[in-house]
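# Notes for the structure review
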Amino acid sequence: MRLKNKIALITGAGSGIGRATAQCFAAEGAIVIAADINQAEALITQELIERVGGKCQALQVDVSQEAQVKDAIAKTVSIYGRLDLMHNNAGISIIKPMIEITEADLDRLIGINFKGVFFGCKHAIAQMSQQKKGIIINTASELALVGQPLYSAYCGTKGAVVAMTRALSAEWSAQGIRINALCPGPIDTPMLRAEFDLATDPKAEAQAAINSIPAGNLGTAEDIAKVALFLASDDAQFVHGAAIVADGGKTTI
Ligand code: NAP
């Protein structure tokens with residue numbers, strides 16, 4: 001019970017890494033606000049957690065809309081009195097040759113992957129600075145650190161998340177707010193499966209991804225949830241402004 005009674009808001013909690021992290025945090029005693037643009041899937045996360053005796057409240061939030069992010073945090077604080085953990089995890093991918101990426105694609109990617117994380121940090125910090133305590137985890141990607149064909153815009157947004165995380169950590173560490181980025185490698189979630197399905201041979205695409213990972217397998221959402229748990233726990237009390245990579249060694253080769 002490393003997060004007993006901690007109030008944790010997780011975005012993108014209706015699927016993949018966010019859902020697994022919501023389940024993991026709740027199993028460790030946190031009261032989880034499972035925020036997602038997809039209300040039905042957020043409710044399923046709530047049900048999965050409640051079924052095993054955990055505490056969770058689903059909330060529909062589009063992280064690209066600042067007012068909605070602000071409102072989600074205000075609601076959390078009005079119900080629970082504080083916000084201990086903010087995991088800015090919601091994200092999307094747009095995989096295309098650079099010259100085919102439209103301005104609308106770029107606006108959507110930046111709106112969710114960068115502005116969404118920025119708004120989450122901004123409004124969490126507004127609350128946490130009053131508490132003089134708080135922990136923020138921003139989901140970036142190993143693609144913030146290495147390149148990959150067809151991912152130029154996605155890589156740009158994830159690199160921005162890592163850079164912003166460092167800057168925010170420098171700004172707020174002394175005020176008791178610990179902020180880190182988490183950089184997963186290829187993780188077997190609906191997002192990655194949808195990316196494989198874009199290829200002419202999705203099975204071969206999945207195998208190529210596996211071949212790029214020294215560990216020899218895709219990561220699971222639970223693998224990343226456990227790293228998020230470490231960052232959310234007091235075990236990580238001296239970890240500030242870091243970009244923690246969990247990628248089966250993909251970025252080492
Ligand atoms: P996922 O399974 O697609 O889950 C992402 C969730 O976020 C979905 O429920 C999605 O809803 C939701 N979402 C999308 N736009 C949103 C918005 N504007 N506001 C609130 N929620 C929104 O993806 P995942 O693989 O778990 O990815 C989670 C995070 O990890 C993302 O930031 C991703 O970039 C990052 N990541 C993933 C991998 C990987 O290999 N899977 C690797 C590195 C980093 P809809 O399904 O309705 O869109």
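Summary of the structure given here. Bear in mind the structure is a predicted one, so any value in this text is a computation, not a measurement. Residue positions are given per chain, counting from 1 as you read along its sequence in written order. Totals for whole chains, interfaces and linings use every residue, but because this is a predicted model, local features are given only for residues with pLDDT of at least 70 and side-chain atom pairs only at 80 or more, for both listing and counting. Side-chain metrics rest on all non-hydrogen atoms present in the structure, leaving aside hydrogens and water.

### Some remarks on unusual backbone geometry
A positive phi angle, close to 65°, is found at Asn-5, a residue other than glycine. Helix and strand labels come from DSSP, where a helix needs a run of H or I of at least four residues and a strand needs a run of E of at least two; each type is numbered from the N terminus. Following the sequence through the fold, Asn-5 ends up in the segment before strand 1 (7–11).

### Here we look at the pattern of salt bridges
Each reported salt bridge corresponds to a side-chain nitrogen of Lys or Arg within 4 Å of a carboxyl oxygen of Asp or Glu. For the structure shown, the criterion picks out nine salt bridges. Across the pair Asp-71 and Lys-75 runs a salt bridge whose closest N-O atoms are separated by 3.2 Å. With Asp-71 and Lys-75 both in helix 3 (residues 66–80), this residue pair falls four residues apart, about one helical turn. Only protein chains enter the accessibility calculation, which uses a 1.4 Å probe; a residue is then buried when its area is under 20% of its type maximum, exposed when over 50%, and partly exposed in between. On the basis of relative accessibility, which here comes to 39%, the residue Lys-75 falls in the partly exposed class. Among the salt bridges present, the one from Arg-82 reaches Asp-84, with a minimum N-O distance of 3.0 Å.

### A few points about the environment of Gln-207
Assignment of secondary structure puts Gln-207 in helix 7 (residues 202–211). Residue classification places Gln-207 among the partly exposed residues on the basis of a relative accessible area of 41%. Counting along the chain gives eleven residues from Gln-207 to Phe-196, while the straight-line C-alpha distance between them is 9.7 Å.

### Quick notes on the site of the ligand
The environment of the ligand is made up of 29 residues, and the closest members are Ser-15, Ile-17, Asp-36, Tyr-154 and Thr-189. For the ligand, a nitrogen atom lies 3.2 Å from a polar atom in the backbone of Ile-37. Identification of polar contacts relies on pairs of N or O atoms within 3.5 Å, with a donor-acceptor requirement for protein atoms, meaning one able to donate a hydrogen and the other able to accept it, and with residues adjacent in sequence counted only if both atoms are side-chain atoms. Between an oxygen atom of the ligand and a main-chain N or O atom of Ile-187, the distance comes to 2.8 Å. Note on areas: Shrake-Rupley, 1.4 Å probe, and residue coverage restricted to the protein chains presented here. In the complex, the protein chains occlude 87% of the 880 Å² of accessible area that the ligand would expose alone. Contributions of two or more residues to the shell around the ligand are made by helix 1 (16–27), helix 5 (152–172) and helix 6 (190–197). Examining the composition of the shell around the ligand, we find that three residues originate from one element, helix 6, more than from any other. Across the shell around the ligand, the residue classes break down as 15 nonpolar, eleven polar and three charged. Each residue is tested against the molecule or strand, and it is near if at least one of its non-hydrogen atoms lies within 4 Å. Classification convention: Asp, Glu, Lys, Arg as charged; Ala, Val, Leu, Ile, Met, Phe, Trp, Tyr, Cys, Pro as nonpolar; all other residues, Gly among them, as polar.

### Quick word on the pairing of strand 6 (residues 177–184)
Counting buried positions along strand 6 yields eight of eight residues, so the element is predominantly enclosed. Alternating positions in strand 6 separate into two faces, Ile-177, Ile-179, Ala-181 and Cys-183 on one and Arg-178, Asn-180, Leu-182 and Pro-184 on the other, with burial throughout. Here the rule is simple: two strands pair whenever DSSP picks up at least two bridges between them. In terms of strand pairing, strand 5 (residues 134–139) meets strand 6 through six bridges, oriented parallel. Across the sheet, residue Ile-135 finds its bridge partner in strand 6, namely Arg-178. Crossover handedness is defined by viewing with both strands directed away from the observer: a clockwise path from the first strand over the helix to the second marks the crossover as right-handed. Handedness of the crossover joining strand 5 and strand 6 through helix 5: right-handed.

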